[in-house]
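# Coordinates in review
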Amino acid sequence: MVVCQEALVAARCGNYGVGAVLVNPRGVVVARGQNSVFYPRFRSDLHAEMVVMNAFEERHPEVDTMRGYTLLSSVEPCPMCFARLLAAGVQTVKFLAEDAWGGMVSHRQHLPASWQKLGQRQAVCQADVSESLRQFALDVFLVTLDACRQKLWSRWNENKAVSGTPSPGR
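Below is a short write-up of the structure. The structure displayed is predicted, hence computed values, not measured ones. (Residues numbered from 1 in each chain as written. Predicted model: local features only at pLDDT ≥ 70, side-chain atom pairs only at ≥ 80, totals over all residues. Heavy atoms only, no water.)

## Focus on helix H2 (residues 48–59)
Threshold: Helix and strand assignments come from DSSP, with helices taken as H or I runs of at least 4 residues and strands as E runs of at least 2, each series counted from the N terminus. What a helix should span is 1.5 Å times the count of its residues minus one. Whether a residue is buried, partly exposed or exposed follows from its accessible area with a 1.4 Å probe, protein chains only, as a fraction of its type maximum: under 20%, in between, or over 50%, in that order. Contacts were defined at the residue level, with two residues in contact if any of their heavy atoms lie within 4.5 Å.
With 12 residues, H2 should reach 16 Å at 1.5 Å per residue; the first-to-last C-alpha distance of 17 Å fits that figure. What H2 keeps buried is the set Ala48, Glu49, Met50, Val51, Val52, Met53 and Phe56. Elements that come into contact with the buried residues of H2 comprise strand S1 (19–23), strand S2 (29–34), strand S3 (70–75) and helix H3 (79–88).

## Notes on the layout of surface pockets
The test is simple: Cavity: a set of points on a 1 Å grid over the protein atoms alone where a 1.4 Å probe fits but cannot get out. Pocket: an open set with protein on both sides within 12 Å along at least five of seven lines, its lining residues, like those of a cavity, having an atom within 4 Å of a point. Grid points are joined across faces, edges and corners, and a volume is the space filled by probe spheres set on the points. Nonpolar residues are Ala, Val, Leu, Ile, Met, Phe, Trp, Tyr, Cys and Pro. Charged residues are Asp, Glu, Lys and Arg, and all others, Gly as well, are polar.
Roughly 460 Å³ of volume is contained in the largest pocket. Mapped onto the lining of the largest pocket, the elements with two or more residues apiece are H2, H3 and helix H5 (131–163). Counting residues per element, the lining of the largest pocket draws most heavily on H5, at 4 residues. Class assignment of the residues belonging to the lining of the largest pocket gives a composition of 12 nonpolar, 4 polar and 4 charged. By volume, the second largest pocket is sized at about 240 Å³.

## Side note on the pattern of salt bridges
Worth spelling out the cut-off: Any carboxyl oxygen of Asp or Glu that lies within 4 Å of a side-chain nitrogen of Lys or Arg is treated as forming a salt bridge with it.
Under the criterion given, the structure shown has 4 salt bridges. The closest approach of N and O atoms between Arg32 and Glu6, which form a salt bridge, is 2.5 Å. With Arg32 in strand S2 and Glu6 in helix H1 (residues 2–12), the pair connects residues that are 26 residues apart, well separated along the chain. Take Arg32: its relative accessible area is 45%, and that puts it in the partly exposed class. Salt-bridge contacts for Glu131 lead to Arg134; the nearest nitrogen and oxygen are separated by 3.6 Å. Placement of both Glu131 and Arg134 in helix H5 is noted, with a separation of 3 residues, approximately one turn of the helix.

## What about the state of the cysteines?
Covalent bonding between the sulfur atoms of two cysteines defines a disulfide. What counts is decided by this rule: Working definition: a disulfide is two cysteine sulfur atoms within 2.5 Å of each other.
All chains considered together, the criterion is met by 0 disulfides. In this model Cys78 remains outside any disulfide bridge; the closest cysteine sulfur is found in Cys81, 3.7 Å from its own. With no disulfide of its own, Cys148 lies closest to Cys13 among cysteine sulfurs, the gap being 11 Å. Judged by relative accessible area, Cys148 falls into the buried class, the value being 1%.

Treat this as a map of the structure, not an account of what it does.
In structure tokens:
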């Protein structure tokens, strides 16, 4: 599956092992990408879903509705990505593996009322794939999780040392 290939590319580059694709109403993949937070340079916003939406919106400014489009991610979208997909109006969001640590789908009821209303128009669910593919997607993500978290903490601690700001509690 393409999202797993993209996740592997991300992992090999030292990023979180997450991949995503956007499929148009005819079933054609129109954008694909992977998490690029750390490589080639640090960009906190370049989660796989964001990379895909940025690429699509840049190449297709004429598209004024995301009705019929499906975004498929190897891992459940985080709060930032979930909000982006809601704002963009992507009709269907599917993911292979749940993210118990940072996924937003199971916490939708905690969104502000206006975001919940947007979410009523969107179908969000775990993709109908084999358990082995679901586990593979989770494994690719988990193998990168600790190293990437450590990179974030290191960046934070470097900034703290410069600014004198205390580090967040853990």
